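Geometric and topological summary
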Amino acid sequence: MAKALKVGLAGLGTVGGGVLALLAQNAALVTKRAARPVVVSAVSARDRHRNRGVDLSALAWEDNAVDLAGRADVDVVVELIGGSDGPALALAKATISAGKAFVSANKAMLAHHGLELASRAEAAQVALKFEAAVAGGIPVIKGMREGLAANELTAVYGILNGTCNYILSTMERNGSTFAQVLGEAQALGYAEADPSFDVDGIDAAHKLAILTALGFGTKPNLEGVGIEGIRQIDSADIDYARSLGYRIKLVGAARRVGEAVTQRVAPALVPHAHPLASVMDSLNAVVAEGNFVGRMLFQGRGAGAGPTASAVVADLIDVARGEWGPAFGTPASDLVSVPAIPLAPTIGRFYMRLTVADRPGVLAEVTATLRDVNVSIESVIQRGQDPLTGGVYLVLTTHAVVENALREAAAHFSRLESVLAPPVVLQIMDL
Ligand code: NDP
Ligand code: HSE
């Protein structure tokens, strides 16, 4: 048997704990698949004395995670601390400089510093692996980097945040409020340390920036992602969407448009017949469209200890076997900068919910404004009452329109005395 791959593990929270549990429970299987044992030799976290429900007494402890990189009994460092900079980034750089492989689940760091880290790893000829950073347990990084390597991609999109999907699914199922369900997602270990990263779409944007680089051979470009979160979604929107034949999902999408790539994270109405509509709870799904393979769907658990540990240990097995290539599929020096259009003037169908004063003439005022900006209405529903303002809900769906025109109308509505709350505008996805 070849000598063991010795792991330095930084971060012993939800994912770090999952990695320890998986390596203990599946030790024999991992050894067979890796053709050598994979053993944790040293660990680091913030609080040495916290009871983590696992026996760490046989493992070396480092108060400063960066010191794991220089240890003689560490061949590969696994970073499960989080944060785009700070100790996680210092550890990544120290590990690569020490000529050792680096494995991480940290999409924030990769979205911000992925290009630099990939360049450093290639110069040092070490592995940089991050399967767990996108869509938890789904092997989408490997699937895109290896399985779809022969394809020109036209689009990659999907449900990239387990917390938001859990919140939207539970609001639909139970009629619970956003705030109630966010607490549950946190208790289940799905949410980021700062859950606003989840609900404001930032975590999904981090993942999309990584997928875009993999899918289109571009430099990761987080600044090029247009981002909207789910805070404005009310259970009324979920009910209206259902009655119209849709489910609301937070969708991250990158599409090639000529020489540019558009990247956008936003809630959207997904038709019930679309494969993304049935992706519920903490499940994630990624659709990739390739010029030879056609439409490909990856689906599975996108968050939580077990699924994420599964992806981290898969990376460790690759490192143990010596199987790795350029971090983003294309050598870092060949990744290209593309004009990124965060919020391209999309043409599409939209849903708009207005909260309006219940008096004659308001509907006429709204439809006249939409006529003036050339927005063609497909359907109008007026029912339900907003408990906060006492106004009534006016829900419109449009035919294909220029998005900017609709946004202009929404901005105008916000200024009207008869419109009592900011309009909610959501895209309607095609099948
Ligand atoms: P947790 O908050 O549960 O755990 C973070 C761990 O990092 C804790 O053990 C903490 O120590 C430790 N830590 C914090 N600061 C330091 C430091 N300066 N030095 C050493 N250790 C430190 O986070 P998660 O496990 O949920 O997430 C870890 C990473 O995995 C993040 O990048 C996250 O985005 C990513 N991820 C998370 C998923 C999930 O479902 N939770 C899924 C996919 C990716 P202590 O315990 O002592 O406080
Ligand atoms: N907070 C993230 C999510 C964890 O909810 O999807 C998985 O990346």
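Residues numbered from 1 in each chain as written. Chains lettered and ligands numbered in written order. Predicted model: local features only at pLDDT ≥ 70, side-chain atom pairs only at ≥ 80, totals over all residues. Heavy atoms only, no water.

Re the overall build of the protein chain
Here is the rule we go by: Secondary structure counts use DSSP, requiring at least four H or I residues in a row for a helix and at least two E residues in a row for a strand, with both numbered from the N terminus. For a compact globule the rule gives 2.2 Å times the number of residues to the power 0.38, and the radius of gyration it is set against comes from C-alpha atoms. Exposure classes here rest on a 1.4 Å probe applied to the protein chains alone. A residue is buried below 20% of its type maximum, exposed above 50%, and partly exposed in between. Whether two residues are in contact is decided by their heavy atoms: any pair within 4.5 Å suffices. For the charge count, each Lys or Arg is scored as positive and each Asp or Glu as negative, with His and the chain ends excluded. Throughout, a charge is located at the NZ atom of Lys, the CZ atom of Arg, the CG atom of Asp or the CD atom of Glu.
Counting secondary structure elements, the protein chain contains 13 helices and 18 strands. Expected size for 431 residues packed as a compact globule is a radius of gyration near 22 Å; at 23 Å, the protein chain falls within 12% of this value. Each of the 431 residues in the protein chain was classed as buried or not, and the buried ones make up 55%. Put simply, 73% of the contacts in the protein chain that link residues at least 6 apart link residues at least 24 apart. For the protein chain, the distance from the average site of its 37 positive side-chain charges to the average site of its 42 negative ones is 5 Å.

Overview of the packing of aromatic side chains
For any two aromatic rings, the description comes down to two numbers: the centre-to-centre distance and the angle of the planes. The test is simple: Pairing of aromatic rings covers Phe, Tyr and Trp, the last through its six-membered ring, and needs centres within 6.5 Å; plane angles under 30 degrees mean stacked, over 60 mean edge-to-face, and all others mean tilted. Look at NZ for Lys and CZ for Arg. If either is within 6 Å of the ring centre and within 35 degrees of the ring normal, a charge sits over the ring.
Enumeration over the complete set of coordinates arrives at three aromatic pairs. Relative to F328, the ring of F130 has its centre 5.3 Å away and its plane inclined at 45 degrees; by these criteria the two rings are tilted. Of this pair, F130 sits in the loop between strand 6 (128-129) and helix 5 (140-147) while F328 sits in the loop between helix 11 (305-321) and strand 13 (340-341); the two residues are 198 residues apart in sequence, bridging distant segments of the chain. The pair formed by F130 and F328 is uniform in burial state, with each residue classed as buried. For the pair Y240 and Y393, a centre-to-centre distance of 6.3 Å together with 90 degrees between the ring planes defines the contact as edge-to-face. Taken together, the residues span a long stretch of sequence, with Y240 in helix 10 (residues 235-244) and Y393 in strand 16 (residues 392-398) at a distance of 153 residues. In this structure Y240 comes out as buried when scored by relative accessible area, which is 5%. Since its relative accessible area comes to 5%, Y393 is described here as buried. Above the plane of the ring of Y157 lies R255, whose end atom (NZ or CZ) is 5.0 Å from the centre.

Thoughts on the nonpolar core
Just so we agree on the cut-off: By nonpolar core is meant a set of buried Ala, Val, Leu, Ile, Met, Phe, Trp, Tyr and Cys residues that side-chain atoms within 4.5 Å join together.
Judged by nonpolar contacts, the single largest core of 83 residues is most densely connected at F130, V140, I210, I230 and F328. Per-element accounting of this core gives the leading share, nine residues, to helix 9 (residues 202-216). Those residues in contact with F328 that sit more than four places away from it in its chain are G114, L115, A118, F130, R145, I210, A213, L214, P220 and L335. Listed in part, the 33 residues of the second largest apolar core include V7, A101, A127 and A320.

So, empty space enclosed by the protein
Rules: Whether a set of points on the 1 Å grid over the protein atoms alone is a cavity depends on a 1.4 Å probe fitting there but being unable to get out, while an open set qualifies as a pocket with protein on both sides within 12 Å along at least five of seven lines; lining residues are those with an atom within 4 Å of a point. Grid points are joined across faces, edges and corners, and a volume is the space filled by probe spheres set on the points. Residues are sorted three ways: Asp, Glu, Lys and Arg are charged, Ala, Val, Leu, Ile, Met, Phe, Trp, Tyr, Cys and Pro are nonpolar, and all the rest, Gly among them, are polar.
Applying the stated criterion to the full structure yields one cavity of 30 Å³ or more. Of the voids in this model, the largest cavity is the one considered here, and its volume is about 50 Å³. Those elements that provide at least two residues to the lining of the largest cavity are helix 9 and strand 10 (260-271). A per-class count over the lining of the largest cavity returns five nonpolar, four polar and one charged.

Observations concerning the sheet that holds strand 6
The criterion, for reference: DSSP bridges decide pairing: two strands pair if at least two such bridges lie between them.
Across the sheet, which stays open at both edges, the six strands sit in the order 3-2-1-4-5-6 with parallel pairing between neighbours. Every other strand in the sheet has two partners, leaving strand 3 (60-61) and strand 6 as the edge strands with one partner each. Relative to strand 3, strand 2 (residues 38-44) is paired through two bridges, and the arrangement is parallel. Each bridged residue has a counterpart across the sheet, and for V43 the counterpart in strand 3 is W61.

What to know about the site of ligand 1
Using the following cut-off: Only heavy atoms are used to decide nearness, and a residue is near a molecule or strand if one of them lies within 4 Å of it. Polar contacts here mean pairs of N or O atoms no more than 3.5 Å apart (in protein, one a potential hydrogen donor and the other a potential acceptor; neighbouring residues in sequence count only if both atoms are side-chain atoms). Using a 1.4 Å probe, the Shrake-Rupley method yields the accessible areas, and only the shown protein chains count as cover for residues. Pocket or cavity membership: a molecule qualifies when more than half of its atoms sit within 2 Å of the grid points of that site.
As a matter of local geometry, ligand 1 sits amid 25 residues, with L12, D47, R52, E192 and G304 nearest to it. Within the side chain of R46, one N or O atom sits 2.9 Å away from an oxygen atom of ligand 1. Within the contact set of ligand 1, an oxygen atom lies 2.7 Å away from a side-chain nitrogen or oxygen of R52. Here ligand 1, which alone exposes 910 Å², has 86% of that area covered by the protein. For ligand 1, the cavity whose grid points lie within 2 Å of the majority of its atoms is the largest pocket. The residue inventory of the shell around ligand 1, partitioned by class, reads ten nonpolar, nine polar and six charged.

Describing the packing of helix 3 (residues 86-97) against helix 4 (residues 107-124)
Convention followed: Here, axes are lines fitted to C-alpha atoms. For helices the fit covers the stretch in contact, and angles between N-to-C directions go from 0 to 180 degrees. Roughly parallel refers to an angle under 35 degrees, roughly antiparallel to one over 145, roughly perpendicular to one between 65 and 115, and oblique to any angle outside these ranges.
Running from amino to carboxyl end, helix 3 crosses helix 4 at an angle of 10 degrees, the nearest separation of the two axes being 10 Å. Taken together, the axis directions place helix 3 and helix 4 in an arrangement best described as roughly parallel. Taking contact as the criterion, the partners of A88, L89, A92, K93, I96 and S97 in helix 3 are, on helix 4, M109, H113, E116, L117, R120, A121 and A124. Residue composition of the contact of helix 3 with helix 4, grouped by class: eight nonpolar, two polar and three charged.

What about the site of ligand 2?
Around ligand 2, the neighbouring residues are K107, N161, G162, T163, Y190, A191, E192, D198, D203, K207, G302 and A303. Contacts to ligand 2 include G162, whose backbone N or O atom sits 2.7 Å from an oxygen atom. Between ligand 2 and D198, the relevant distance is 2.7 Å, taken from a nitrogen atom to a side-chain nitrogen or oxygen of the residue. In this structure, ligand 2 is accommodated by the largest pocket. The set of elements that each furnish at least two residues to the shell around ligand 2 consists of helix 6 (162-174) and helix 9. When the residues that make up the shell around ligand 2 are grouped by side-chain class, the tally is three nonpolar, four polar and five charged.

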